[in-house]
Amino acid sequence: MIIDVDKLPKDGLSVDRDFEFPSQELVEETATFLKPVHAGLTVRKVGDEVWIKGRVTTVLSVACGRCLSAFEFSVDSRFDLVFLPQEYQELKEALDEGDVDQLFYRERRIDLREVVLEQLNLTFPAKPLCSESCEGICAVCGKIRRDGDCGCSVHETDGRLEALKSMMKDKR
């Protein structure tokens, strides 16, 4: 949905609708949509600036970064954005530090679909987890640890202590 900045009503524009995105457009490769992306947006023009305030909600299926099991990942993200005309981008170096994250529109248009997709992609954690206490999978047999003990014997040693261990053996 592309909005023309020059045609925005004086009292702003409200958008409340679902957006469809293919899963390939998400930064999280394992994510698939379980519900459509819903966005409630308010777009206002203040001088040359365009202010977009919104909320994006959806539910996705994502693979856990430890145990690789799929789990539901709910998104409920709120945001406030300010867009400036592309001509201002040249002056970006002169902007205050607080304005470094300014966004720019070109050809007097803003694609709300791109805005919603970007905000959705910003909600993903670096390593999605099904739960904070997820122990992952057994390094020996690959069984998911939360499903029960597999009986494998895993002795992990701290490599930093190996030198000390060899010195102790030499003393005996």
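All of these numbers come straight from a predicted model, not from anything done at the bench.

Cut-offs and rules
- Residues numbered from 1 in each chain as written.
- Predicted model: local features only at pLDDT ≥ 70, side-chain atom pairs only at ≥ 80, totals over all residues.
- Heavy atoms only, no water.
- Buried < 20%, exposed > 50% of the residue type's maximum accessible area, 1.4 Å probe, protein only.
- Helix = DSSP H or I, 4+ residues; strand = E, 2+ residues; numbered from the N terminus.
- Polar contact = N/O pair within 3.5 Å; in protein donor to acceptor, adjacent residues only side chain to side chain.
- Contact = heavy atoms within 4.5 Å.
- Pairing = 2+ DSSP bridges.

## A closer look at helix H1 (residues 112–121)
- For H1, the buried fraction is high: 7 of the 10 residues fall into the buried class.
- For H1, the complete set of buried residues consists of Leu 112, Val 115, Val 116, Leu 117, Gln 119, Leu 120 and Asn 121.
- Measuring from the backbone nitrogen of Arg 113 back to the side-chain oxygen at the start of H1 gives 3.0 Å, which picks out Asp 111 as the cap.

## Structural notes on the environment of Val 62
- When you line up the elements, Val 62 lands in strand E5 (residues 49–63).
- Placed 34 residues apart in sequence, Val 62 and Glu 28 show a C-alpha to C-alpha distance of 7.9 Å.
- In this structure Val 62 touches Glu 28, Thr 30, Ala 31, Ser 69, Ala 70, Phe 71, Phe 73, Phe 124 and Pro 128, once residues within four positions along its chain are discounted.

## Description of the pairing of strand E4 (residues 37–46)
- One ladder, built from 7 bridges, connects strand E2 (residues 13–19) with E4; its direction is antiparallel. Residue pairing across strands places Asp 18 opposite His 38, the latter belonging to E4.
- Pairing of E4 with E5, which is carried by 9 bridges, proceeds in the antiparallel orientation. Counted as the bridge partner of His 38 is Thr 57 from E5.

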